[in-house]
Amino acid sequence: MTRRPIIFGNWKMNKTPAEAKAFFDGMAGYVTGEEAAEYGVGVPFVDLDVAVKNAGALSVGAENCNELDSGAYTGEVSVPMLKEIGITYCIIGHSERRTYYNETSAHCAAKAKRLFASDITPILCIGETEAEYDAGKTEEVVRTQLKESLEGLTAEEVGKIVLAYEPIWAIGTGKSADVNTAEACCKLCRDTVRELYGDEAAESVRVQYGGSVKPTNIKEYMACADIDGALIGGASLKVDSFKELVDATK
Ligand code: 13P
């Protein structure tokens with residue numbers, strides 16, 4: 001089974017629509033879709049429309065969604081809304097959402113199920129805190145988050161999901177996980193999928209590493225057997241840096 005690597009930016013709460021447009025203008029034609037890897041960006045809700053119209057061969061993702069279709073949920077955005085404007089990916093369960101907005105693994109499971117029903121691919125983030133890492137609890141935390149966040153999905157759906165292993169201590173800190181640790185944890189994600197959903201799902205699921213990935217270190221991660229891509233925050237914001245990420249992985 002060959003898995004197509006997926007390199008995805010996560011802009012978080014950065015860029016107005018005009019700034020998003022300038023980014024896509026700067027990237028125009030740089031990614032053709034013919035590369036070995038797939039490239040994309042997760043952008044704030046208000047940038048999605050600009051992104052879909054200007055991203056060319058870059059995939060476009062939302063950074064969150066609600067699991068319900070409509071109703072009295074002020075400030076929320078539903079999957080049918082994302083679907084109608086042509087979104088193909090949605091990041092769920094990012095540690096910033098788990099930490100600041102109380103997103104739980106149970107929410108993730110419901111969101112993933114709803115996304116698959118509309119044929120939007122979830123990028124499900126999991127990862128441990130620094131205290132958990134220091135206490136040797138990484139394996140337990142990652143397994144539990146995965147088990148709970150994938151609950152209710154079919155093996156076929158799990159095979160299509162993108163998992164992003166992001167140790168919280170490596171996010172935005174410049175303290176990227178060393179390659180061996182990143183590979184071991186991405187392998188742990190795959191092995192957990194194998195135990196829960198079987199070989200086929202484990203071999204087709206794409207597992208990204210995220211946490212201070214830069215143009216200078218992305219190649220080492222991508223060389224690992226169980227790392228099928230990267231989820232990149234800071235280094236995905238500037239055109240030059242994004243182009244360097246593409247160049248390093250072509
Ligand atoms: P940084 O690449 O800025 O560390 O962010 C990683 C991240 O959280 C991607 O989702």
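Residues numbered from 1 in each chain as written. Predicted model: local features only at pLDDT ≥ 70, side-chain atom pairs only at ≥ 80, totals over all residues. Heavy atoms only, no water.

Another aspect to go through is the sheet that holds strand S5 (residues 121-126). Spatial strand order, S1-S2-S3-S4-S5-S6-S7-S8: 8 strands in a closed barrel with parallel pairing. Taken pair by pair, the neighbouring strands of this sheet meet at an average axis angle of 25°, ignoring direction. In this structure, strand S1 (residues 6-10) lies alongside strand S8 (residues 229-232), joined through 4 bridges in parallel fashion. Pairing of Gly9 across the sheet is with Ile232, part of S8. Sheet strands touched by helix H9 (residues 179-197): S5, strand S6 (162-165) and strand S7 (206-210). Its angle to S7, the strand with the most contacts, is close to 150°. (Pairing = 2+ DSSP bridges. Helix = DSSP H or I, 4+ residues; strand = E, 2+ residues; numbered from the N terminus. Axes fitted to C-alpha atoms, helices over the stretch in contact; angles between N-to-C directions. Contact = heavy atoms within 4.5 Å.)

Another aspect to go through is unusual backbone geometry. For Asp119, which is not glycine, the phi torsion reads 65° and is therefore positive. Mapped onto the secondary structure, Asp119 falls in the loop between helix H5 (105-117) and S5. We classify Asp119 as exposed; its relative accessible area is 60%. Of note in the backbone geometry, Ser212 takes a positive phi value of approximately 55° without being a glycine. Position of Ser212 among the secondary structure elements: in the loop between S7 and helix H11 (218-222). (Buried < 20%, exposed > 50% of the residue type's maximum accessible area, 1.4 Å probe, protein only.)

What follows is about the environment of Val41. Within the secondary structure layout, Val41 lies in strand S2 (residues 38-42). Distance in space between the C-alpha atoms of Val41 and Gly56 is 12 Å, their sequence separation being 15 residues. Excluding its chain neighbours within four sequence positions, the residues that come into contact with Val41 are Phe8, Gly9, Trp11, Phe23, Phe24, Ser59, Val60, Gly61 and Phe242.

None of this, on its own, says anything about what the molecule does.
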